[in-house]
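Fold and geometry: a report
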Protein chains: 4
Amino acid sequence: MKVAFTSDNIAGASDSVWQAMMKASQGDAMPYGNDDTTAEVTTMLSALFECDVDVFLVSTGTAANVLSISAMTPPWGSVLCHSESHLLNDESTAPEFYTGGARFVGIGGADAKIDPVMLKKMVNQKVGDVHSCQPSAVSISQVTEVGSVYSLEELRAITHVSKEAGLLVHMDGARFANALLSLDCTPAQMTWKAGVDIVSFGATKNGTMAAEAIVVFNKTLSKELGFRRKRGGHLHSKMRLLSSQMKAYLTDDLWRKNAAHANAMMALLQAGLATISSVKINTPAQANMLFCTLPEGMAEYLLAAGFAFYGGRWEKGVVRLVTSFRTPQEGVEAFIDCARQFEAGTDQG
Amino acid sequence: MKVAFTSDNIAGASDSVWQAMMKASQGDAMPYGNDDTTAEVTTMLSALFECDVDVFLVSTGTAANVLSISAMTPPWGSVLCHSESHLLNDESTAPEFYTGGARFVGIGGADAKIDPVMLKKMVNQKVGDVHSCQPSAVSISQVTEVGSVYSLEELRAITHVSKEAGLLVHMDGARFANALLSLDCTPAQMTWKAGVDIVSFGATKNGTMAAEAIVVFNKTLSKELGFRRKRGGHLHSKMRLLSSQMKAYLTDDLWRKNAAHANAMMALLQAGLATISSVKINTPAQANMLFCTLPEGMAEYLLAAGFAFYGGRWEKGVVRLVTSFRTPQEGVEAFIDCARQFEAGTDQG
Amino acid sequence: MKVAFTSDNIAGASDSVWQAMMKASQGDAMPYGNDDTTAEVTTMLSALFECDVDVFLVSTGTAANVLSISAMTPPWGSVLCHSESHLLNDESTAPEFYTGGARFVGIGGADAKIDPVMLKKMVNQKVGDVHSCQPSAVSISQVTEVGSVYSLEELRAITHVSKEAGLLVHMDGARFANALLSLDCTPAQMTWKAGVDIVSFGATKNGTMAAEAIVVFNKTLSKELGFRRKRGGHLHSKMRLLSSQMKAYLTDDLWRKNAAHANAMMALLQAGLATISSVKINTPAQANMLFCTLPEGMAEYLLAAGFAFYGGRWEKGVVRLVTSFRTPQEGVEAFIDCARQFEAGTDQG
Amino acid sequence: MKVAFTSDNIAGASDSVWQAMMKASQGDAMPYGNDDTTAEVTTMLSALFECDVDVFLVSTGTAANVLSISAMTPPWGSVLCHSESHLLNDESTAPEFYTGGARFVGIGGADAKIDPVMLKKMVNQKVGDVHSCQPSAVSISQVTEVGSVYSLEELRAITHVSKEAGLLVHMDGARFANALLSLDCTPAQMTWKAGVDIVSFGATKNGTMAAEAIVVFNKTLSKELGFRRKRGGHLHSKMRLLSSQMKAYLTDDLWRKNAAHANAMMALLQAGLATISSVKINTPAQANMLFCTLPEGMAEYLLAAGFAFYGGRWEKGVVRLVTSFRTPQEGVEAFIDCARQFEAGTDQG
């Protein structure tokens, strides 16, 4: 069974999401979020996060991230994020566009996690100096771009440094569910209780069609988000068809079940690869993404066998493997078998 | 039967659209438009428009409009559109945002159609003068905001003035299908053959869930649109779920059938209202939208009876009625009956 | 004596301004406004305005206007100003650029003065509606673009409407001194006592080389102006050479003397033209600018005689005449004589 | 004699500059650059650069830099410059503001010079990938932020890499004259002959009051600069008062003489400090700026003696010394003597 590990965005949406959308599609509903389902989603997310939140639904992760951050920095501010973050590397200049030209500054740290010591140096840099961009916000990716997950302690270390210096904190939760299950904590613990002001609560990669929630804990930031969403062209007229996705995602623990499957498949994959001595695990996968280094020829062998994944973008031999809510266990096993065959073959050779 | 005439965005999506999306959701597909369905949509739209077009799918009409226009004007340019246009009145400051701060200038004209004589005065205004914004593009709404439809001659008069002065032409086709059926011409005739460079080919109001196509005839404008869509946060990862909507919309003439129904219902509604002497048709509906003035008390009577529509936003007594691909004929008839009852009642009083 | 009435920006700077700059040029001084003269200017302007003001010096009037306004509106806001204002007609898209894409809306009114009744309709329009730009600020030109001057009552009528609706008020005082002398009131009366939050206190047209002061009465708006000035590229390194201009301008009533001369020359000019029956005064000049309509042939006659002024931009026959702090009385008289000669000549013909 | 080495922007302007401005101030002149002096400056700069150039005068170095670059990159582009460059560190977010939100990326390299090998890696990064900012321009500071000067070979290495990849090249010449004299080459050799498309030809630090010239060699970039300057608020009405500064600066080799003096004073200063064993020259000064490390206590000793310079912003003990066209030789000698006294004192102690 040949499967693709290229990304979790190659899968479609879960069945119950489709059922919910189709049901919502019947009858009329007021547009632009003035419908019952949209209100219901806010209630559900408030319950989930144990906090009275404001919610702004959009259809892409980039929109969720940059809209959130645009409410956190003036155009002369700087936003600190990891140098390898999606925000800095994969969203074109959407960050600059939406913030009216703020500066996005990469911070280092192992495993694509912001190093709080490096962060501390930057948050206080040239504050009040009109010649320099003013540190205004920090954005944390949870899961990170290399598949690691910040522990609650690590999160709090970063938010502590940020808050002390008066910076706001955004969490890019494109893979929120995968991270949460990995930490086995509550959504509240991983967000506002850890000092997060807004989270981009991702759902698209984990089973919806195209639905992301900007969940605002620090409600002083909410007022302008409605205007910003509209002027960004991200206010859907048939909003209930976004809301119904999110509602289905939150119903009957679909979001947890989907993420649990993806994480389990990754655990299986990682465990299997760990038994193959020529494969090097670069960053231990804590959720549903793994970076590892394959021996020469193995990637080509696997690709030739019909598997799919990204390579060739990083150091020699490095590949990225991502599992999703729909990755079949047989596919994972087949992949490991195939890698093992390659190793056996080259051993003999 | 109580129906709502508030807008065509209160309906859901057509069944075949849902079927197509669910089918597309199965199996994996490359993200961000690198899938077969997205390519197929370009082919279908090229066939439809009898022209080799570039296509950029997005999920909102505002995004389609402002992205299109952002490729047509420098930040120091001006974009001319009707003073009553959606662009100027209902898209917040998305136009300024996406163009990097161009000026949007309202032009007058009866029935919300740009007057070519007034336009001509503006297109040559202060050209080359650094103190003044530079006329760069014209945006035409077809159907207009009051439900009228430009004839091909009217379109050509505007594009002629525009082209002579070196301006590019955008068409806001949020209700493209409704206009086309009203004119009974080909898509090519209503667009590039009439001098249009880019059309926002709307589908959401006419049967898809959330899918609009930026269709580019003047392909010199295409290159930057890919970058602009991404930095606007409008590049969907699961693009095939947009594409499949558009594909279904274009398949088996769904788009024409849906618009034909909406237009027919409006024709019925208008004909019925025309028989009620106290009702004044403000702008004859040429597609699926009508503005009329009701006698005192009639709006309240209809609303109390369970019908829905917008009023109170314009001159005293003016209401807007919009039909959609799902408006039931019984509902239209019931509405007319109810209005007639009101008239009869007040006559007796 | 042939003089030019094209604009008050064709003159150079007053002698005492040059002396002050040259003196300030000696010795070293800390850059970017951290010098004594800059502090002194703030003290002088605070005294002048009888109010503890913040001051931001820049070198152009456009910069003063758009920086001031950028602190008064969010990017999704609208700024209301007269349709004939400099801001809307002569500053390219600087307003949109500096505000991050706010909308600038023209309001009507006789003599290029905002009509408070028309304003009232606009300030409350669609407040809270994310689809529409949000009325945020009003900008008043004092002197207006046609040479009229708002009375204190007229100013207060506008600021009253604005404040009631929660809008901030900016005054474009490119010809502040000319207006003030015309009204014969105090600077405080014409600004903060009348409800103005920030004034662009112009000096360049009235005797400095290139120096304008953003004078902030509503100090909650000050904080961001320092950052905005820098990112606009308007923070001069050798700031004392701007400050010394402003200091000289404010010393020994230079600013009043210069404006008094300009206004007196215009009064003379207007009085003279009023005696020529074929000349029509369009808007009575209240400061140093006049729009009048000349009979056919007179403009050409005057231009041929060596006088200079703008015409041909407005209705047929309309010309603009501007006097400055350096306009010689003989020049004014010669102009009137020349016009009279023309009339006499055509009478005989 | 106590002198300040804080910056070359603490000095005033040269006498002949003042004489020229005062002369230009007499009589009337057309505004906004439509005067003879402005035209003359273009002619003079064309002669100086042995090339038919376009010239845009502005009054600050930040404006010159960011306007130049704004014509070289789309908003989704990236501009590569040294991590220590003024552009990245001292101009707030003006770069993002003027480019409509492009990304500014720091490149490493010794002595604040871009390393062409590192540059080469970046210029081809993710070209055509809509998810990533697109390398569009390179900005080189000549003199660099640490006082080093690129040799012609070094310049050509960078422009070669840039041009091969299709990137445009900007030179930040805030200290152009100081660099030129250091290299002893022609202005043409250091700019367009070396592959530079636009230079910010600085004059303010070297003897004018506030005048910088954007000199455009690649004239395809010129057209939009006029519009961009205006919308940035940088088009001076009394332009001749900028032009006359630049004309005086270019007349009788004032610019070379001034820079020669500043460079000579730095050479003297550096030579003197080199004889004091406890002082470490960090980057050998090639123009008029020097970074050196003073032994503990020496900076305080010099400051207490009345000298001025910046320290405390970099590594421990590091200070920056800048000479200008007006730095007196006695002051340099006094500084060296004072440093020597300190060393003698601490030796004895």
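Not measured: the values here are computed from a predicted model.

**Comments concerning the interface of chain D and chain C**
The interface is formed by 50 residues belonging to chain D together with 51 residues belonging to chain C. Contact between chain D and chain C buries roughly 4,100 Å² in total, counting both sides, with carbon and sulfur atoms accounting for 55%. On the chain D side of the contact with chain C, F97, R231 and K238 of chain D bury the most area, a combined 19% of that side's loss. The tally of links from chain D across to chain C stands at zero salt bridges. Summed over the shared surface of chain D and chain C, the result is 36 residue pairs in polar contact (both at pLDDT 80 or more). Contributing elements (two or more residues each) for the side of chain D that touches chain C: α1 (15–25), α3 (61–70), α5 (94–99), α10 (222–231) and α11 (240–250) of chain D. Sort the elements by how many residues they give to the side of chain D that touches chain C and α1 of chain D lands first, with five residues.

**Focus: the sheet that holds strand β9 (residues 289–293) of chain C**
The strands that make up a sheet pair up through hydrogen bonds in the backbone, lying either parallel or antiparallel. All names here are of chain C. Strand order in the open sheet formed by four strands is β8-β9-β11-β10, with antiparallel pairing between adjacent strands. The sheet is open, and its two borders are formed by β8 (280–283) and β10 (310–311), each paired with just one other strand. For β10 and strand β11 (residues 318–322), the ladder comprises two bridges, and the chain directions are antiparallel. Within β11, the position partnered with Y310 by the bridge is R320. Most of the contacts of helix α12 (residues 254–274) go to β9, to which it runs at about 15°, and overall it touches β8, β9 and β11.

**Overview of the sheet that holds strand β1 (residues 54–58) of chain A**
Residues and elements named next belong to chain A. The strand order across the open sheet built from seven strands is β1-β7-β6-β5-β4-β2-β3, with neighbouring strands paired in mixed fashion. The open sheet is flanked by β1 and β3 (103–107), the only strands paired with a single partner. Each strand of the sheet is rotated relative to its neighbour by a mean of 20°, with strand direction disregarded. Relative to strand β7 (residues 212–216), strand β6 (residues 198–202) is paired through five bridges, and the arrangement is antiparallel. In the strand pairing of β7, G202 is matched with E212. Across the sheet, helix α10 (residues 223–231) touches β1, β6 and β7, and the angle it forms with β1 is around 10°.

**Observations concerning the interface of chain D and chain A**
In this assembly, 20 residues from chain D lie in contact with 20 residues from chain A. The largest contributions to the chain D side of the interface with chain A come from S92, T93 and R103 of chain D, which together make up 38% of the buried area. Inspection of the region where chain D meets chain A yields two salt bridges. The shortest N-O distance in the salt bridge between R103 of chain D and E96 of chain A comes to 2.4 Å. Connecting chain D to chain A are 12 residue pairs in polar contact (both at pLDDT 80 or more). Only α4 (86–89) and α5 of chain D provide two or more residues apiece to the side of chain D that touches chain A. Examining the composition of the side of chain D that touches chain A, we find that three residues originate from one element, α4 of chain D, more than from any other.

**Let's talk about the relation of the copies chain D and chain C**
What relates the pair of chain copies is a rotation about an axis plus a shift along that axis. With an RMSD of 0.0 Å, chain D superimposes on chain C once it is rotated by 180° and translated 0.0 Å along the axis. What we have between these two chains is a two-fold relation. When C-alpha positions in chain D are compared against the rotation axis, the closest is assigned to G232 of chain D, at 3.4 Å. Interface residue correspondence from chain D to chain C reaches 100%, placing this contact among same-surface, isologous pairings.

**Considerations on helix α8 (residues 176–183) of chain D**
Residue and element names in this part refer to chain D. For α8, the set of buried residues is F176, A177, N178, A179 and L180. Looking at the buried positions of α8, the neighbouring elements they touch are β5 (168–173), α9 (187–190), β6 (198–202), α11 and α12 (254–274). Immediately downstream of α8, the backbone of D184 shows phi near 55°, a positive value.

**Here's the deal with helix α2 (residues 36–49) of chain A**
Residues and elements named next belong to chain A. Compared with an ideal rise of 1.5 Å per residue, which puts 14 residues at 20 Å, α2 spans 20 Å between its outermost C-alpha atoms and is within 8% of the ideal. If you check which residues of α2 are buried, you get T37, T38, V41, L45, S46, L48 and F49. Where α2 starts, the residue carrying a side-chain oxygen 3.1 Å from the main-chain nitrogen of T37 turns out to be D35. Of the residues flanking the end of α2, it is E50, one or two places downstream, whose phi is positive at about 50°.

**Notes on the UniProt feature "domain: Aromatic amino acid beta-eliminating lyase/threonine aldolase" (unreviewed entry) in chain A**
Residues annotated by UniProt as "domain: Aromatic amino acid beta-eliminating lyase/threonine aldolase" (unreviewed entry) correspond here to residues 5–291 of chain A. Annotated as residues 5–291 of chain A, this span is 41% helix and 16% strand, and its ends, taken at the C-alpha atoms, are 11 Å apart.

**Remarks on the environment of L269 of chain C**
Residues and elements named next belong to chain C. With respect to the helices and strands, L269 occurs in helix α12. The spacing of L269 and V322 is 53 residues in sequence and 9.8 Å in space, taken between C-alpha atoms. Apart from residues lying up to four places away in sequence, L269 is in contact with F5, L321, T323, V332, F335 and I336.

**Some thoughts on the packing of aromatic side chains**
Summed over the entire model, instances satisfying the criterion amount to 62 aromatic pairs over all chains. Taking 6.2 Å as the distance between ring centres and 70° as the angle between the ring planes, the aromatic pair formed by F201 of chain A and Y249 of chain A counts as edge-to-face. Here F201 of chain A, found in strand β6, pairs with Y249 of chain A, found in helix α11 (residues 240–250); they are 48 residues apart in sequence, far enough to count as distant. On the numbers, 5.2 Å between centres and 90° between planes, the contact of F307 of chain C with F335 of chain C is edge-to-face. Taken as a pair, F307 of chain C in the loop between α13 (298–304) and β10 and F335 of chain C in helix α14 (residues 329–348) lie far apart in primary sequence, 28 residues in all. By relative accessible area, which is 3% here, F307 of chain C ends up buried. Take F335 of chain C: its relative accessible area is 1%, and that puts it in the buried class. What links up through ring pairs into an aromatic cluster is the set F49, F176, F201, F217, Y249 and W255 of chain A. A cation over an aromatic ring shows up here: R313 of chain A above the ring of Y310 of chain A, its NZ or CZ 4.0 Å from the ring centre.

**So, the pattern of salt bridges**
Side chains bearing opposite charge may pair, as long as their charged atoms lie close to each other. Residues and elements named next belong to chain A. Following the criterion strictly, the structure yields 48 salt bridges over all chains and no others. The closest approach of N and O atoms between D52 and K219, which form a salt bridge, is 3.1 Å. On the criterion of sequence distance, the pair formed by D52 in the loop between α2 and β1 and K219 in the loop between β7 and α10 is long-range, its members being 167 residues apart. One salt bridge in this structure joins D197 and K163, with 2.5 Å as the shortest N-O distance. Residue D197 is located in the loop between α9 (187–190) and β6, and its partner K163 is located in helix α7 (residues 152–164); the two are separated by 34 residues in the primary sequence. Judged by relative accessible area, which is 7%, D197 ranks as buried. Linked through salt bridges whose partners overlap, the residues forming this network are D52, D54 and K219.

**Digging into the side chain of R240 of chain D**
Residues and elements named next belong to chain D. Looking at the secondary structure, you find R240 in helix α11. Notably, R240 is buried but unbridged: the nearest opposite-charge side chain belongs to D28, and the N-O separation is 5.6 Å. Here A24 takes part through its backbone oxygen, which lies 2.7 Å from a polar atom of the side chain of R240.

**Description of unusual backbone geometry**
The omega angle of the peptide bond from Q142 of chain B to V143 of chain B is -10°, so this bond is cis rather than trans. Counting through the fold element by element, V143 of chain B comes out in the loop between β4 (134–141) and α7 (152–164). Even without being glycine, D111 of chain C reaches a positive phi, approximately 55°. With respect to the helices, strands and loops of the structure, D111 of chain C is situated in the loop between β3 (103–107) and α6 (116–123). Judged by its relative accessible area of 35%, D111 of chain C falls in the partly exposed class.

**Some thoughts on the packing of helix α8 (residues 176–183) of chain B against helix α12 (residues 254–274) of chain B**
Residue and element names in this part refer to chain B. At a minimum axis distance of 9 Å, the contact between α8 and α12 shows a crossing angle of 75°. Classed by the angle they form, the pair α8 and α12 counts as roughly perpendicular. Touching F176, A177, N178, L180, L181 and S182 of α8 are W255, R256, A259, A260, A262 and N263, all from α12. Classifying every residue of the contact of α8 with α12 by side-chain character gives eight nonpolar, three polar and one charged.

**Thoughts on the domain arrangement of chain A**
Residue and element names in this part refer to chain A. Domain assignment breaks chain A into domain 1 (15–253) and domain 2 (255–348). The distance between the C-alpha centroids of domain 1 and domain 2 comes to 29 Å. If you look at the interface, domain 1 gives 26 residues, while domain 2 gives 18 residues. Across the domain 1/domain 2 interface, buried area totals approximately 1,900 Å², and carbon plus sulfur atoms make up 54% of it. Our enumeration of links across domain 1 and domain 2 arrives at one salt bridge. In this structure, the salt-bridge partner of D253 is R256, at a minimum N-O distance of 3.6 Å.

Reading the values: the criteria
Residues numbered from 1 in each chain as written. Chains lettered and ligands numbered in written order. Predicted model: local features only at pLDDT ≥ 70, side-chain atom pairs only at ≥ 80, totals over all residues. Heavy atoms only, no water. Contact = heavy atoms within 4.5 Å. Buried area = accessible area lost by both parts, 1.4 Å probe. Salt bridge = Lys/Arg side-chain N within 4 Å of Asp/Glu carboxyl O. Polar contact = N/O pair within 3.5 Å; in protein donor to acceptor, adjacent residues only side chain to side chain. Helix = DSSP H or I, 4+ residues; strand = E, 2+ residues; numbered from the N terminus. Pairing = 2+ DSSP bridges. Axes fitted to C-alpha atoms, helices over the stretch in contact; angles between N-to-C directions. Least-squares fit on C-alpha atoms with pLDDT ≥ 70 in both. Buried < 20%, exposed > 50% of the residue type's maximum accessible area, 1.4 Å probe, protein only. Expected span 1.5 Å × (residues − 1). UniProt positions renumbered as here; feature names shortened; annotations may be inferred. Phe/Tyr/Trp six-rings, centres within 6.5 Å; stacked < 30°, edge-to-face > 60°. Lys NZ or Arg CZ within 6 Å of the ring centre and 35° of its normal. Lys, Arg positive; Asp, Glu negative; His and termini not counted. Parallel < 35°, antiparallel > 145°, perpendicular 65-115°, else oblique. Nonpolar A, V, L, I, M, F, W, Y, C, P; charged D, E, K, R; others polar. Domains from an automatic or database assignment.

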